[in-house]
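Breakdown of the fold
Spelled out from the first residue to the last, the chains are:
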Amino acid sequence: MGSSGTPTHCPYCALQCGMNLAPGAGGTVEVRERADFPVNRGVLCGKGRTAPTVLSPSVRPASPLVRSAGGALVPASWEEALERVAEGLGRTRAEYGADAAVVSRRGRAVAPARITAAIRPDTVFMPFHWAGEGRANTLTHPALDPASRMPEFKVCAVRVEAVAP
Ligand code: SF4
């Protein structure tokens, strides 16, 4: 990895690691080291290093993909894909029940809840893509890291409460 190119950031996660992008062979885009950026100092994880691969139309889905009965991803119409999503949400709600409230020193967010053995037993995971009463950023602190200027939106202490139906 050389260090020349146009300085920018990896788009994938909240660390926003610094990287340089430069033209590569055959019209491709190459990721190069950006050692001056304080968060990652030139080091990138696998997602960052391979970020330009999604710029190629050949690796991008041209339609929604749904699982076939055999488990393979197959192209589908938007109607079919959205119908599958609605069915899945209905099944999840029927299986796991009502919403839960997640409460921190800063706020309260209400969202569908599921108990799982897939993460540490002392951990609550909440996606941060929702607005309204399920907005995870109402729980966390927006203070900026003094070096990277990234807000502290990723972790905080919480308790979980049942929500009356
Ligand atoms: S390189 Fe990896 S750690 Fe850095 S922003 Fe991208 S995904 Fe996040």
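The shown structure was predicted, so the numbers you read here are calculated from the model rather than taken from an experiment.

**Concerning the overall build of the protein chain**
On a plain count of helices and strands, the protein chain comes out with two helices and eight strands. Scanning the protein chain from its N terminus toward the C terminus, one meets helices and strands in the order β-β-β-α-β-β-α-β-β-β. In terms of C-alpha radius of gyration, the protein chain reaches 21 Å, well past the compact-globule figure of 15 Å for 165 residues. Within the protein chain, the proportion of its 165 residues that are buried is 10%. Long-range contacts, defined as pairs at least 24 residues apart, comprise 41% of the intrachain contacts of the protein chain with a sequence gap of at least 6.

**Here we look at unusual backbone geometry**
Even without glycine at this site, Q16 takes up a positive phi of about 50°. Tracing the backbone shows Q16 in the loop between strand 1 (6–9) and strand 2 (18–23). Judged by local crowding, Q16 falls into the partly exposed class, with 18 C-beta atoms found within 10 Å.

**Quick word on the sheet that holds strand 1**
Spatially, the three strands line up as an open sheet ordered 1-2-3, and their pairing is antiparallel. Both outer strands of the open sheet, strand 1 and strand 3 (29–32), are each paired with one neighbouring strand and no more. When the angles between neighbouring strand axes are averaged without regard to direction, this sheet yields 40°.

**Concerning the nonpolar core**
One finds C10, C17, M19, V31, L44 and A51 forming the largest nonpolar core, which totals six residues. Those residues in contact with C10, other than ones at most four positions away along the chain, are Q16, C17, M19, L44, G48 and A51. If you look at the next biggest cluster of nonpolar residues, it comprises five residues, including V102, A136, L139 and V158.

**Here's the deal with the environment of T92**
Take T92: it is sitting in helix 2 (residues 78–96). Through-space distance from the C-alpha of T92 to that of R114 is 8.7 Å; in sequence the pair is 22 residues apart.

**Points about the site of the ligand**
Taken together, C10, Y12, C13, L15, Q16, C17, N40, L44, C45, K47 and G48 are the residues near the ligand. Considered class by class, the residues forming the shell around the ligand number seven nonpolar, three polar and one charged.

**Topic: the pairing of strand 3**
When strand 2 meets strand 3, the two strands line up antiparallel, connected through four bridges. Of the residues in strand 3, the one forming a bridge with A22 is E30. Hairpin geometry of strand 2 and strand 3 is characterised by an intervening segment of five residues between the two adjacent antiparallel strands and by a positive phi of about 65° at G26.

**A short note on the domain arrangement of the protein chain**
A common measure of how large an interface is: the accessible area buried when the components associate. According to the domain assignment, the protein chain contains domain 1 (6–59), domain 2 (61–96) and domain 3 (97–165). For domain 1 versus domain 2, the distance between C-alpha centres works out to 32 Å.

**Quick word on the sheet that holds strand 6 (residues 99–103)**
Spatially, 7-6-8 is the arrangement adopted by the three strands of the open sheet, whose pairing is antiparallel. At either end of the open sheet lies a strand with only one pairing partner, and these are strand 7 (108–112) and strand 8 (159–162). Across this sheet, the average inter-strand angle for adjacent strands is 30°, counted without regard to direction.

Each value, and the rule that gives it
Residues numbered from 1 in each chain as written. Predicted model: local features only at pLDDT ≥ 70, side-chain atom pairs only at ≥ 80, totals over all residues. Helix = DSSP H or I, 4+ residues; strand = E, 2+ residues; numbered from the N terminus. Rg over C-alpha atoms; globule rule 2.2 N^0.38 Å. Buried ≥ 20, exposed ≤ 12 C-beta atoms within 10 Å, placed from the backbone. Contact = placed C-beta atoms within 7 Å. Pairing = 2+ DSSP bridges. Axes fitted to C-alpha atoms, helices over the stretch in contact; angles between N-to-C directions. Core = buried A, V, L, I, M, F, W, Y, C linked by C-beta atoms within 7 Å. Near = placed C-beta within 6 Å. Nonpolar A, V, L, I, M, F, W, Y, C, P; charged D, E, K, R; others polar. Domains from an automatic or database assignment.

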